[in-house]
Amino acid sequence: MGASAGSGNSIAQILNTNSTNYGVANYTITPTANNCVGNPIVVPINITPKPVIVATPNVQTICSGDPITPIILTSNITGTTYNWTVTQTNVSGAIIGSGNSITQTLTNNSTIQGQASYTINSILNNCPGNSSSALVNVNPTPLVNSNTINQTICSNENTNITLTSTVSNTLFSWTVTQTNVTGALSGSGNNINQTLINNTTITGLATYNVTPIATGCSGLPLLISVCLLYTSPSPRDRQKSR
């Protein structure tokens, strides 16, 4: 497409092919001088088609520190090569490159979602082709903040442990191990408010293992220890036990 007959000292035309095959435009050039026609020549112009790129997947969401699902690059024309540039916001680890797939590990050290936006370019027979794009959303890793990590209370008192995070909408769940303690239970929420009892004559211990989760991404667990002092019996109780 685009080739047309004409006259003059130069042929400057924009040629296109809409197929996936190489095209050719053959110009037959005839010289004329003083009403005398010379021998014509044929000038072939080979036209390289523009490949169409498909990036699969073109959108994905991962957790900070995870490798991306490999972005596979394909084209409708055999022999196409690819290279890409990338812009990243609140993300590190995204780099430019070339090849048939993009495989990178991305990190988000902020408290909000980050993005890596890849622009993929195609080349065929040294001719630039069409471009495509792929987007990777990177969710941050939540951290646990607590008003205490080492607490000491008396038997039959409440723990009252408050859990927060700098990442919005973080959920907390915990497991617990207890020694010489009763009343410590696994659970979830923003507050561990449990009444613990120590019926022994030595200090008890409840250790809570708290895990934060935000937008499907788990953060590092936090260990919170609660020492539970035993309650000495009153003189009246000691007399009753005799």
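In the block above lies the structure referred to throughout.
Residues numbered from 1 in each chain as written. Predicted model: local features only at pLDDT ≥ 70, side-chain atom pairs only at ≥ 80, totals over all residues. Heavy atoms only, no water.

### So, the overall build of the chain
Right, on to step 1. If you tally the helices and strands in the chain, you get one helix and 23 strands.
Right, on to step 2. A globule of 242 residues ought to have a C-alpha radius of gyration of about 18 Å, yet the chain, at 36 Å, is considerably larger.
Right, on to step 3. Taking the principal axes of the C-alpha coordinates as reference, the chain spans close to 140 × 25 × 20 Å.
Right, on to step 4. Relative to its full complement of 242 residues, the chain shows a buried share of 30%. (Helix = DSSP H or I, 4+ residues; strand = E, 2+ residues; numbered from the N terminus. Rg over C-alpha atoms; globule rule 2.2 N^0.38 Å. Buried < 20%, exposed > 50% of the residue type's maximum accessible area, 1.4 Å probe, protein only.)

### Description of the sheet that holds strand 13 (residues 145–146)
Right, on to step 1. Here we have three strands laid out as an open sheet, ordered 13-16-19, and antiparallel in their pairing. Only two strands of the sheet have a single neighbouring strand rather than two, namely strand 13 and strand 19 (191–192).
Right, on to step 2. In this structure, strand 16 (residues 161–164) lies alongside strand 19, joined through two bridges in antiparallel fashion. Residue pairing in the sheet places Ile161 in a bridge with Ile192 of strand 19. (Pairing = 2+ DSSP bridges.)

### Details of the state of the cysteines
Right, on to step 1. Tallied over the full model, the rule gives one disulfide.
Right, on to step 2. Note that Cys63 is cross-linked by a disulfide to Cys217, the S-S spacing being 2.1 Å. Of note, the bridge from Cys63 to Cys217 carries an S-S torsion of about -95 degrees and is left-handed in sense. Taken together, the residues Cys63 in strand 6 (residues 59–63) and Cys217 in strand 22 (residues 217–218) connect sequence positions 154 residues apart. (Disulfide = S-S within 2.5 Å.)

### Some points on the pairing of strand 21 (residues 204–214)
Right, on to step 1. For strand 17 (residues 171–179) and strand 21, the ladder comprises nine bridges, and the chain directions are antiparallel. When the sheet's bridge partners are listed, Leu171 is paired in strand 21 with Ile213.
Right, on to step 2. The pairing of strand 21 with strand 23 (residues 222–229) spans seven bridges and is classified as antiparallel. When the bridges of strand 23 are listed, Val210 appears paired with Leu222.
Right, on to step 3. Two elements, strand 21 and strand 22, share two bridges in a ladder whose sense is antiparallel. The residue of strand 22 that forms the bridge with Ile213 is Ser218.
Right, on to step 4. In this antiparallel pair of consecutive strands, strand 21 and strand 22, the connection spans two residues, and Thr215 shows a positive phi of 45 degrees.

### Here's the deal with the sheet that holds strand 6
Right, on to step 1. One open sheet holds the five strands; their spatial order is 6-12-11-8-9, and the pairing between them is mixed. Edge positions in the sheet fall to strand 6 and strand 9 (97–98), since each has one partner strand and no second.
Right, on to step 2. Strand direction decides the pairing type here: strand 8 (residues 81–89) and strand 11 (residues 114–124), joined by nine bridges, are antiparallel. Across the sheet, Val86 pairs through a bridge with Tyr118, a residue of strand 11.

### Some thoughts on the nonpolar core
Right, on to step 1. Core analysis: the largest hydrophobic core is formed by 19 residues, its most contacted members being Ile71, Leu106, Tyr118, Ile120 and Val136.
Right, on to step 2. The set of elements that each furnish at least two residues to this core consists of strand 5 (53–56), strand 7 (71–75), strand 8, strand 11 and strand 12 (127–139).
Right, on to step 3. Contact partners of Ile71, with chain neighbours within four places excluded, come to Ala55, Thr56, Pro57, Gln60, Asn100, Ser101, Ile102, Tyr118, Ala134 and Val136.
Right, on to step 4. Counting residues in each nonpolar core, the second largest holds 17 residues, with Phe172, Ala206, Tyr208 and Ile224 among its members. (Core = buried A, V, L, I, M, F, W, Y, C linked by side-chain atoms within 4.5 Å. Contact = heavy atoms within 4.5 Å.)

### Regarding the environment of Asn130
Right, on to step 1. Locating Asn130 in the fold gives a position in strand 12.
Right, on to step 2. Put simply, Asn130 and Pro49 are 81 residues apart on the chain and 10.0 Å apart in space, counted from C-alpha to C-alpha.
Right, on to step 3. Not counting chain neighbours up to four residues away, the residues in contact with Asn130 comprise Lys50, Pro51, Val52, Ile53, Ile120, Asn121 and Ser122.
Right, on to step 4. Here Pro51 takes part through its backbone oxygen, which lies 3.1 Å from a polar atom of the side chain of Asn130. (Polar contact = N/O pair within 3.5 Å; in protein donor to acceptor, adjacent residues only side chain to side chain.)

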